[in-house]
Amino acid sequence: MPHYRFNDPQVAALSGFLLAKAASDLLADVHLDAATPADRAWQAAWSLITAARLAIEMAGIKKPENFAPELTRIGNKPVTQLVFLPGMQHTLPDYIATKIKQPRAFGQGLKMPQYTFTPAQI
């Protein structure tokens, strides 16, 4: 969630506004489009990620500091900043798919787990 950097009077004004809203009218003017196939695919992918994270937490594995790079903005990363394997298409979708299918092919010391996702899940 973004950090809005509101000062105390702004937070008080926003809180007062939200508290004055009734549950029935809080989302009255919100009109959402129907989910697209891409939205549903993203939701399925997020469910897989969440399930994998939960499995790791339930196993009691502690995440070390600087465990992995932040991936929420990977879609904004310029292709020129990515390291591609020989013979690989130089596109972001191909890079991400290959990182999921063959994570350790990008370096000998990498410890990313080898998942057994289907092509549809990838």
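1. Some points on the overall build of the protein chain
Of the regular secondary structure elements, the protein chain holds three helices and zero strands. The order of helices and strands in the protein chain, counted from the N terminus, is α-α-α. For the protein chain, buried positions account for 7% of its 122 residues. The long-range share in the protein chain, meaning contacts at least 24 apart out of those at least 6 apart in sequence, stands at 7%.

2. Points about the nonpolar core
Formed by L82, F84, L85, M88, L92 and Y95, the largest nonpolar core amounts to six residues. Non-local contacts of L82, meaning those with residues more than four positions away in its chain, are made with K77, L92 and Y95.

3. Looking at the confidence of the model for the protein chain
The predicted model of the protein chain has a mean per-residue pLDDT of 80, with 88% of residues at 70 or higher. Per-residue pLDDT, averaged within each element of the protein chain, yields its smallest value for helix 2 (residues 37–58) (80) and its largest for helix 3 (residues 92–101) (88).

4. Details of unusual backbone geometry
One non-glycine residue with positive phi stands out, namely R5, at about 60°. Relative to the elements of secondary structure, R5 occurs in the segment before helix 1 (8–20).

Cut-off values and rules
- Residues numbered from 1 in each chain as written.
- Predicted model: local features only at pLDDT ≥ 70, side-chain atom pairs only at ≥ 80, totals over all residues.
- Heavy atoms only, no water.
- Helix = DSSP H or I, 4+ residues; strand = E, 2+ residues; numbered from the N terminus.
- Buried < 20%, exposed > 50% of the residue type's maximum accessible area, 1.4 Å probe, protein only.
- Contact = heavy atoms within 4.5 Å.
- Core = buried A, V, L, I, M, F, W, Y, C linked by side-chain atoms within 4.5 Å.
- pLDDT = per-residue confidence, 0-100.

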